[in-house]
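Observations on the model geometry
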Amino acid sequence: MPRCGDCKNFIPQAANSAASIGMCKGILDEDGLGQEVNIYAEVGDCPKFEEEDRIRTNVSEFGFGQKIRMARGFDEK
């Protein structure tokens, strides 16, 4: 089952790229702000899910980016 962290709409925390919480820019609240989601949460029937085509787990070359998933359980692709 895909997780929120596998989605293009997931934005990891800027200050801590290994955090398990981030923002979903696909699901917005009434103020237009992204919903806070867990990187490991299963997406289920989320209509905004789009699978990420590139995930980076090795941070020796890139320290931060929207495609960085330092957290355990993600494979480099």
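Keep in mind that what you see is a predicted model, and the values were worked out from it rather than measured.

**Quick look at the state of the cysteines**
Counted according to the given criterion, the structure contains zero disulfides. Distance from the sulfur of Cys 4, which forms no disulfide, to the nearest cysteine sulfur (Cys 24) is 6.5 Å. The class for Cys 4 is buried, based on a relative accessible area of 15%.

**Thoughts on the pairing of strand β2 (residues 21–28)**
As paired strands, strand β1 (residues 10–12) and β2 are joined by three bridges and run antiparallel to one another. Across the sheet, residue Ile 11 finds its bridge partner in β2, namely Met 23. Sheet topology places β2 next to strand β3 (residues 34–38); five bridges connect them, and they run antiparallel. Paired with Ile 21 across the two strands is Asn 38, which belongs to β3. Hairpin connection of β2 to β3: five residues between the antiparallel strands, including Gly 32 at a positive phi of 85 degrees.

What counts and what doesn't
- Once a new chain begins, its residue numbering starts again from 1 and follows that chain's sequence as written.
- Residues qualify for local features only when their pLDDT is at least 70, as the model is predicted, and side-chain atom pairs are given and counted only at 80 or more; totals for whole chains, interfaces and linings, by contrast, use all residues.
- Only hydrogens and water are set aside when side-chain values are computed; all heavy atoms of the structure are taken into account.
- Disulfides are defined as cysteine sulfur pairs within 2.5 Å.
- Burial classes: relative accessible area under 20% of the type maximum marks a residue as buried, over 50% as exposed, and values in between as partly exposed (1.4 Å probe, protein chains only).
- Here a strand pair is declared whenever DSSP counts at least two bridges between the two strands.
- Helix numbering and strand numbering both begin at the N terminus, where a helix is a DSSP run of H or I of at least 4 residues and a strand a DSSP run of E of at least 2.

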